[in-house]
Amino acid sequence: MISSIIEFAERWYPDVEVVSRSTEGPIHRYTYKEMGVRARKLASGLSTLGITAGDRVGTLAWNGYRHLELYYGVSGSGAVLHTVNPRLFAEQMAYVINHAGDQVIFTDLTFIPLLEGLKDKLSNIKHFVIMTDREHMPETSLKNVHCYEELLESGTENYQWPEFDENAPSSMCYTSGTTGNPKGVVYSHRSTLIHAMASSVPNGLNIGGLDSILLVVPQFHVNAWGVSYAALMNGCKLVLPGPAMDGKSIHELLDREKCTLSLAVPTIWMMLTGYLRESGKTLPYMKRVVIGGSAVPEAMIRSFEQDYDVKVIHAWGMTETSPLGTLNFLMPHLQELDYEAQMPTKIKQGKAIFGVDIRIVDDENKLLPHDGVAFGKLQARGHWVTSGYHGEESAIDAEGWFDTGDVATIDKDGYMMITDRTKDVIKSGGEWISSIELENVAVGHPSITEAAVIAIAHPKWDERPLLIAVKAGPIEKDELLDYMSKHIAKWQLPNDIMFVEELPHGATGKLNKLKLRDDYSDYKFPDA
Ligand code: AMP
């Protein structure tokens, strides 16, 4: 049971702190002991809202202590926590709330205007609970509104966590829906617990009791990579950044709370390293950063490791895999190499962790060799890999393999490297060009902040790459092409480069290539 995690932390690490930047502004701190009491009060208070086992409870919230209490109070009571991504388009948000069948929504103050705009589309919602105290309760046009702190006060700390089937659903999260409607993935108590234990091991996120963790990956996306559970299992101090994700605010918490480990997508780290460069600040306490969600540019690995002495752990996963699938740590024979010789392995997404198996297959589902060259469809199966989407038929084959939609290579040492999404790869005259590889090479140039590569139809080659890039400093097309030609084969070079002010991102911070493909649907190469 997920409740066993909070019981454990409360009993054995009662004085360890949870520190949150609150939506109301000030920094909030309390201990696992206090959190345990509040999670039980919340669980018992849920019954006054008519919530019973199996009912879905939605959240629209930043990373903070109240959201953490919901993780335990809702799932622990037998209800299902549905963390809604507030960055979804309004229509998609209404769709996921209705599709999940949420009955109650807990919301941070930030998202009240958003919900007021959506309320007529949310026919199933019986109550809205505003995650604040009486003093900060706003005026709102929402109906059946409750104050979080008052709901807690109505509950009792003598609540007994119920025991039930470990396969019962505990939480759910929707994919970001880059094509069509988002799809719901449901996690169970069993899958969540095993995933959190596996992610703690040294070859995983290597979480231990000495860590103070700044959890930047959102609690609204894939259970914050399972760290909302793993931190408590290990008695770690947990620091939650609330709505402030800019470099300065993140650095402030890392420094003040002496954080040793932090986890986020590359976009966040780009903002932090930018701030460090400008301000001359350093990261004296940080030992490791876990980076995933999209490929880590080589320049980012170098910056963390060489400029700030912080080890990078590159990780791959997806909503459907809870999310951890592979993590990159170097085996002894690779540790012995010099730094430059290690880099080709460091940029890979890493090796499977125990509990997940991965494989690459061709279009006919034939296994491909682990030679680091052959690339094909990446499939995964394991204890925390989904078997299907909420309300849909099974998404796995007869042997339990789930098709990830990623294209990858696996080398002789077992290091997997994502070369693309199936739908993003550029099919040029029978050869495949990895959009991610071109993007990584482009951002290796100091004058490029971010880059996206999309396929554009070409009369001779079917498709050719177009590079769309954001400049950090002065640079011309020819100079960038010249630079890129030193790192990739000539036939892979983009046929054209467009410089833009910014690139579009989706709800989970990934490049929105669907939008780019739309924006450039009329584009024609100069030579076409
Ligand atoms: P999501 O379900 O929104 O978390 O997205 C999962 C997808 O993000 C994966 O299928 C990959 O395409 C991409 N992804 C996640 N981690 C990485 C990584 N380390 N490198 C490249 N792509 C990644």
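Since the structure is predicted, the reported quantities are computational estimates derived from the model, not experimental observations.

### What to know about the domain arrangement of the protein chain
Alright, step 1. Domain parsing of the protein chain yields domain 1 (3-244) and domain 2 (426-519).
Alright, step 2. Using C-alpha coordinates to define each centre, domain 1 is positioned 38 Å away from domain 2.

### A short note on helix α3 (residues 65-77)
Alright, step 1. With 13 residues, α3 ought to run about 18 Å at 1.5 Å a step, and its terminal C-alpha atoms sit 18 Å apart, in line with that.
Alright, step 2. Where α3 ends, the next residue or the one after it, G78, has phi of about 105 degrees, a positive value.

### A word on the sheet that holds strand β4 (residues 80-83)
Alright, step 1. The strand order across the open sheet formed by seven strands is β7-β6-β5-β3-β4-β8-β9, and the pairing between neighbours is mixed. For this open sheet the edge positions go to β7 (145-147) and β9 (184-188), each flanked by a neighbour on one side alone. Neighbour-to-neighbour, the strand axes of this sheet turn through a mean angle of 25 degrees, independent of strand direction.
Alright, step 2. With three bridges joining them, strand β6 (residues 127-130) and β7 adopt parallel strand pairing. Bridging across to β7, V129 finds its partner in H146.

### Comments concerning the site of the ligand
Alright, step 1. Taken together, 17 residues surround the ligand, and among them A315, T319, Q349, D406 and R421 come closest.
Alright, step 2. The side chain of H314 places a nitrogen or oxygen atom 2.9 Å from a nitrogen atom of the ligand.
Alright, step 3. Q349 is positioned with one of its side-chain polar atoms (N or O) 2.8 Å from a nitrogen atom of the ligand.
Alright, step 4. Notes on the ligand: free accessible area 500 Å², of which the protein chains cover 92%.
Alright, step 5. For the shell around the ligand, the residue count by class is four nonpolar, nine polar and four charged.

### Concerning the side chain of S188
Alright, step 1. Assignment of secondary structure puts S188 in strand β9.
Alright, step 2. What makes S188 buried here is its relative accessible area of 12%.
Alright, step 3. Side-chain polar atoms of S188 contact the backbone nitrogen of S191, separated by 2.9 Å.
Alright, step 4. Setting aside its immediate chain neighbours within four residues, S188 contacts E166, N167, A168, P169 and S170.

### Topic: the environment of H333
Alright, step 1. Looking at where H333 falls in the secondary structure, it is placed in helix α13 (residues 332-335).
Alright, step 2. As for H333 and S3, which are separated by 330 residues in sequence, their C-alpha atoms are 42 Å apart.
Alright, step 3. One polar contact links H333 to D413, side chain to side chain, over a distance of 3.2 Å.

### So, the pairing of strand β23 (residues 448-458)
Alright, step 1. In terms of burial, β23 is largely enclosed, as eight of its eleven residues are buried.
Alright, step 2. Pairing analysis gives ten bridges linking β23 to strand β24 (residues 462-471), with the strands arranged antiparallel. Counterpart to I456 in the pairing with β24 is R464.
Alright, step 3. Hairpin connection between β23 and β24: a loop of three residues separates the two successive antiparallel strands.

### Overview of the nonpolar core
Alright, step 1. If you look at the biggest cluster of nonpolar residues, it comprises 138 residues, and the most contacted ones within it are Y72, F106 and F304.
Alright, step 2. Sequence-distant contacts of F304, defined by excluding residues within four places in its chain, comprise W269, L272, T273, L283, V289, I291, D309, V310 and V312.
Alright, step 3. Membership of the second largest hydrophobic core comes to 17 residues, among which are I433, A442, V453 and M484.

### Overview of the pattern of salt bridges
Alright, step 1. Following the criterion strictly, the structure yields 30 salt bridges and no others.
Alright, step 2. R38 is the partner of E149 in a salt bridge, and the nearest nitrogen-oxygen pair spans 2.9 Å. In this pair, E149 is assigned in helix α6 (residues 148-154) and R38 in helix α2 (residues 32-45), connecting sequence segments 111 residues apart. For the pair E149 and R38, one class covers both residues: buried.
Alright, step 3. Linking D496 and K477 is a salt bridge whose minimum nitrogen-to-oxygen distance equals 3.1 Å. Placement of the pair is D496 in strand β25 (residues 496-500) and K477 in helix α16 (residues 477-485), with a sequence separation of 19 residues.
Alright, step 4. The exposure class of D496 is buried, given its relative accessible area of 8%.

### Some words on the pairing of strand β14 (residues 311-317)
Alright, step 1. Counting buried positions along β14 yields five of seven residues, so the element is predominantly enclosed.
Alright, step 2. Where strand β13 (residues 288-291) lies against β14, four bridges are found, and the strand directions are parallel. Across the sheet, V289 pairs through a bridge with V312, a residue of β14.
Alright, step 3. In this view, the connection linking β13 to its parallel neighbour β14 by way of helix α12 (residues 298-307) has right-handed handedness.
Alright, step 4. Direction of pairing for β14 relative to strand β15 (residues 324-327): antiparallel, over a ladder of three bridges. Bridging from a neighbouring strand, G317 pairs with L324 of β15.

### Some points on the packing of helix α11 (residues 266-279) against α12
Alright, step 1. For the pair α11 and α12, the least separation of the axes is 11 Å and the interaxial angle reads 50 degrees. As far as their axial angle goes, α12 and α11 are oblique. Relative to α12, α11 is oriented so that their crossing is left-handed. Judged by residue contacts, P266, W269, M270, L272 and T273 of α11 engage M300, S303 and F304 from α12.
Alright, step 2. In terms of residue class, the contact of α11 with α12 is made up of six nonpolar, two polar and no charged.

### Structural notes on the packing of α2 against α3
Alright, step 1. The interhelical angle for the contact between α2 and α3, taken along N-to-C directions, is 55 degrees, at an axis separation of 8 Å. When the axis of α2 is compared with that of α3, the two are oblique. In this structure, the crossing between α2 and α3 has a hand that is right-handed. Contacts between α2 and α3 involve M35, R38, A39, L42 and A43 from the former and Y65, R66, L68, E69, L70, Y72, G73 and S77 from the latter.
Alright, step 2. Residue classes in the contact of α2 with α3 are distributed as eight nonpolar, two polar and three charged.

The rules behind each value
Residues numbered from 1 in each chain as written. Predicted model: local features only at pLDDT ≥ 70, side-chain atom pairs only at ≥ 80, totals over all residues. Heavy atoms only, no water. Domains from an automatic or database assignment. Helix = DSSP H or I, 4+ residues; strand = E, 2+ residues; numbered from the N terminus. Expected span 1.5 Å × (residues − 1). Pairing = 2+ DSSP bridges. Axes fitted to C-alpha atoms, helices over the stretch in contact; angles between N-to-C directions. Near = heavy atom within 4 Å. Polar contact = N/O pair within 3.5 Å; in protein donor to acceptor, adjacent residues only side chain to side chain. Areas by Shrake-Rupley, 256 points an atom, 1.4 Å probe, with all protein chains shown as cover. Nonpolar A, V, L, I, M, F, W, Y, C, P; charged D, E, K, R; others polar. Buried < 20%, exposed > 50% of the residue type's maximum accessible area, 1.4 Å probe, protein only. Contact = heavy atoms within 4.5 Å. Core = buried A, V, L, I, M, F, W, Y, C linked by side-chain atoms within 4.5 Å. Salt bridge = Lys/Arg side-chain N within 4 Å of Asp/Glu carboxyl O. Right-handed = clockwise from strand over helix to strand, strands pointing away. Parallel < 35°, antiparallel > 145°, perpendicular 65-115°, else oblique. Left-handed = near helix turned anticlockwise from the far one by under 90°.

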